[in-house]
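Fold and geometry: a report
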Amino acid sequence: MSRIMFRDAVSAALAEEMRKDEKIFVMGEDVAITGGVYKATKGLLAEFGPQRVRNTPLSELAILGTATGAAMCGARPVAEIMHVDFIGCGFDIVLNQMSKMCYKTNGKVTVPLVLRTQCGRGKSNGCTQS
């Protein structure tokens, strides 16, 4: 069995699924050109282009809201929140829209998306990013 870094496994899994389904796209802060702050989306822009690997503004609320709306319209977004420390900024969307839409619409609307984030960098600095 080969050994690879976790971020490389994430990137490989994303690429594999994106090859299978053209509705899947990745969105988040710095996920395109730089491959994300932890390089978990490295190489995806080159293979799939800017329509499927999209940088977003520095706004967790915007990322989560856009991903939710896109999923409700038939896309398959993978929304990356750079650091789990910031997910609280979008809890209203996560807890009251993403997770409940199917029940709120009696199964007529689904929200098929992946919300990807990470925590810990081994430096115990959380959201302060020093």
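Let me sum up the structure you'll find in this document. Quick caveat, the model's predicted, so the values are computed rather than measured.

About the thresholds
Residues numbered from 1 in each chain as written. Predicted model: local features only at pLDDT ≥ 70, side-chain atom pairs only at ≥ 80, totals over all residues. Heavy atoms only, no water. Buried < 20%, exposed > 50% of the residue type's maximum accessible area, 1.4 Å probe, protein only. Helix = DSSP H or I, 4+ residues; strand = E, 2+ residues; numbered from the N terminus. Arc of directions from axis to C-beta. Contact = heavy atoms within 4.5 Å. Axes fitted to C-alpha atoms, helices over the stretch in contact; angles between N-to-C directions. Parallel < 35°, antiparallel > 145°, perpendicular 65-115°, else oblique. Left-handed = near helix turned anticlockwise from the far one by under 90°. Nonpolar A, V, L, I, M, F, W, Y, C, P; charged D, E, K, R; others polar.

1. Notes on helix α4 (residues 91–98)
Along α4, the positions that sit buried rather than exposed are Ile-93, Val-94 and Met-98. All buried residues of α4 project into a common sector of 100 degrees when viewed along the axis, lining one side. Tucked into the core, α4 has its buried residues touching α3 (60–72), α5 (101–104) and β4 (114–117).

2. Concerning the packing of α3 against α4
When two helices pack together, you describe them by how their axes are tilted relative to each other and by the distance separating the axes. With their axes 9 Å apart at the nearest point, α3 and α4 run at an angle of 20 degrees to one another. Classified by the interaxial angle, the pair formed by α3 and α4 is roughly parallel. Like other packed secondary-structure pairs, α3 and α4 cross with a definite hand, here right-handed. Where α3 abuts α4, its residues Leu-61, Leu-64, Gly-65 and Thr-68 lie against Ile-93, Val-94, Gln-97 and Met-98. Of the residues that constitute the contact of α3 with α4, the class distribution is five nonpolar, three polar and no charged.

3. Some details on unusual backbone geometry
The backbone of Asp-30 shows a phi angle near 60 degrees, a positive value even though the residue is not glycine. Secondary-structure assignment places Asp-30 in the loop between β1 (24–28) and α2 (44–48). Among the residues examined, Asp-30 registers a relative accessible area of 40% and is labelled partly exposed. In this structure, Lys-39 takes a positive phi of about 65 degrees despite not being glycine. Structurally, the position occupied by Lys-39 is in the loop between β1 and α2.

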